[in-house]
Amino acid sequence: MKIRVIWTVLLIFCFISSAAVAVQNKGSKEIKLDGGKKGPISFAHHLHQNVVVDCNVCHSIFPKEQGTIKDLIAQKELKKKQVMNKTCLKCHRAKKKAGEDHGPTACSACHIKE
Ligand code: HEC
Ligand code: HEC
Ligand code: HEC
């Protein structure tokens, strides 16, 4: 009798935890970021989730919401170019220096002229 209750509880727990993993919203595969006068940036979001793994490398600085960087800059919660310099370029440069696979560091490789 008791064992049955424990099993039921365990089963329910497994269901809930696997559902929580399955519904984690990974966001868009590709995101177009606003780069002001320099031109927009095509950001390969899922590629970064695979190479960076820890969401918080980026999402501790801005939340998991579409258009949030632009909004936070408008609200002066983030400075212009802060994400670019302190997150994107910081990592790309460090990896380049370490001789690892890295993203672009040249302006025109990220900013697309329209
Ligand atoms: C290398 C940086 C980076 C990493 C790592 C990263 N994200 Fe994002 N994420 C972004 C950017 C940039 C945006 C777009 C913000 C904006 O539009 O201002 C974004 C937006 C989102 C959004 C909003 C919806 C959308 O796609 O527009 C969700 C949800 C999200 N991320 C989930 C995740 C999850 C879950 C992880 C970890 C598995 C993750 N992100 C890892 C950079 C990253
Ligand atoms: C790794 C990609 C990447 C590279 C390389 C890059 N940028 Fe950016 N840039 C961004 C992102 C993302 C933003 C928007 C977020 C922010 O303002 O931090 C941005 C924003 C900007 C802005 C702010 C525009 C505005 O009015 O809000 C300027 C100016 C800019 N970049 C200039 C440059 C210059 C000059 C270079 C070359 C030295 C360069 N960027 C290289 C990704 C990049
Ligand atoms: C913690 C490290 C890290 C951060 C943070 C990061 N990147 Fe990258 N990025 C990489 C690596 C590693 C690659 C190379 C992946 C590969 O080619 O396998 C890459 C590749 C890229 C590429 C080329 C991808 C392609 O389509 O071939 C672009 C563009 C880029 N990053 C832009 C950005 C922008 C914009 C941000 C900030 C919002 C950012 N990255 C933040 C590590 C990072």
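The structure this text deals with has already been given above.
The following paragraphs examine the structure supplied in this document. Everything quoted here is computed from the prediction, not taken from an experiment. Residue positions are given per chain, counted from 1 along the sequence in the order it is written. Throughout, the order in which chains and ligands are written sets their labels, letters from A for the former and numbers from 1 for the latter. Note on the predicted model: pLDDT of at least 70 is required for a residue's local features to be given, and 80 or more for side-chain atom pairs to be given and counted; whole-chain, interface and lining totals, by contrast, use all residues. The side-chain quantities take in all heavy atoms of the structure and omit both hydrogens and water.

A short note on the coordination of the iron atom of ligand 3
Taken together, the protein ligands of the iron atom of ligand 3 are H48 (NE2) and H92 (NE2), with distances of 2.0 Å. Nitrogen, oxygen and sulfur within 2.8 Å of a metal are treated as its donors, or within 3.2 Å for sodium, potassium and calcium (Na, K, Ca); water is not counted, so a site can appear incomplete. Square planar and octahedral sites, with four and six donors, are those where opposite donors lie more than 155 degrees apart and all other angles lie between 65 and 115, tetrahedral sites have four donors with every angle between 85 and 135 degrees, and the rest are irregular. Taken together, the six donor atoms surrounding the iron atom of ligand 3 define angles of 86 to 179° at the centre, an arrangement classified as octahedral. Of this pair, H48 sits in helix 2 (residues 45-52) while H92 sits in helix 5 (residues 82-97), placing them 44 residues apart in sequence. Only DSSP runs of H or I with at least four residues qualify as helices, and only runs of E with at least two residues qualify as strands; both kinds are numbered from the N terminus onward.

Re the coordination of the iron atom of ligand 2
M84 (SD) and H111 (NE2) make up the full set of protein donors to the iron atom of ligand 2, lying at 2.0 Å. Note that the iron atom of ligand 2 binds six donor atoms; their angles at the metal cover 86 to 180°, and the shape is octahedral. Of this pair, M84 sits in helix 5 while H111 sits in the segment after helix 6 (107-110), and the two are 27 residues apart along the sequence. Working definition: with a 1.4 Å probe on protein chains only, accessible area under 20% of the residue-type maximum means buried, over 50% means exposed, and in between means partly exposed. M84 gets classed as partly exposed once you look at its relative accessible area, which sits at 30%. Classification of H111 by relative accessible area gives buried; the value is 12%.

Topic: the site of ligand 2
In the vicinity of ligand 2 lie 22 residues, with K81, M84, C107, C110 and H111 positioned nearest. Contacts described as polar in this section are N or O atom pairs within 3.5 Å, which, within protein, must combine one atom able to donate a hydrogen with one able to accept it, while residues neighboring in sequence count only if both atoms come from side chains. Contact distances for ligand 2 include 2.8 Å between an oxygen atom and a backbone N or O atom of K81. Secondary structure elements with two or more residues in the shell around ligand 2: helix 4 (68-74), helix 5 and helix 6. Broken down by element, the shell around ligand 2 gets its largest block of residues, six residues, from helix 5. Charged means Asp, Glu, Lys or Arg here, nonpolar means Ala, Val, Leu, Ile, Met, Phe, Trp, Tyr, Cys or Pro, and polar covers whatever is left, Gly included. Residues belonging to the shell around ligand 2 are distributed by class as follows: 12 nonpolar, six polar and four charged. Near is defined per residue: the residue qualifies when any heavy atom it owns lies within 4 Å of the molecule or strand.

Side note on the environment of E65
Note on placement: E65 falls in the loop between helix 3 (56-59) and helix 4. As for E65 and G27, which are separated by 38 residues in sequence, their C-alpha atoms are 8.3 Å apart.

Section: a nonpolar patch on the surface
Together, I3, I6, W7 and L10 give the surface a local cluster of nonpolar side chains, amounting to about 450 Å² of exposed area. In this structure, I3 sits in helix 1 (residues 2-22). Note on I3: relative accessible area 58%, which makes it exposed. Patch building starts from residues that exceed 30% relative accessible area and form no salt bridge, then joins like charges within 9 Å and nonpolar side chains (Val, Leu, Ile, Met, Phe, Trp, Tyr) within 5 Å. Calculation of accessible area relied on Shrake-Rupley with a 1.4 Å probe; when residues are assessed, cover is drawn exclusively from the protein chains displayed. What makes a salt bridge here is a side-chain nitrogen of Lys or Arg within 4 Å of a carboxyl oxygen of Asp or Glu, nothing more.

So, the side chain of H92
The buried category is assigned to H92, whose relative accessible area is 12%. Whether two residues are in contact is decided by their heavy atoms: any pair within 4.5 Å suffices. In this structure H92 touches H48, H102, G103, P104 and T105, once residues within four positions along its chain are discounted.

Observations regarding the site of ligand 1
Close contacts around ligand 1 come from 23 residues, with S28, H45, C55, C58 and H59 the closest. Within the side chain of H45, one N or O atom sits 2.9 Å away from a nitrogen atom of ligand 1. Within the side chain of Q49, one N or O atom sits 3.2 Å away from a nitrogen atom of ligand 1. For the shell around ligand 1, the secondary structure elements donating two or more residues are strand 1 (30-33), helix 2, helix 3 and helix 4. Per element, the largest residue contribution to the shell around ligand 1 is four residues, and it comes from helix 2. Split into classes, the residues belonging to the shell around ligand 1 amount to eight nonpolar, 11 polar and four charged.

By themselves, these figures tell us nothing about what the structure is for.
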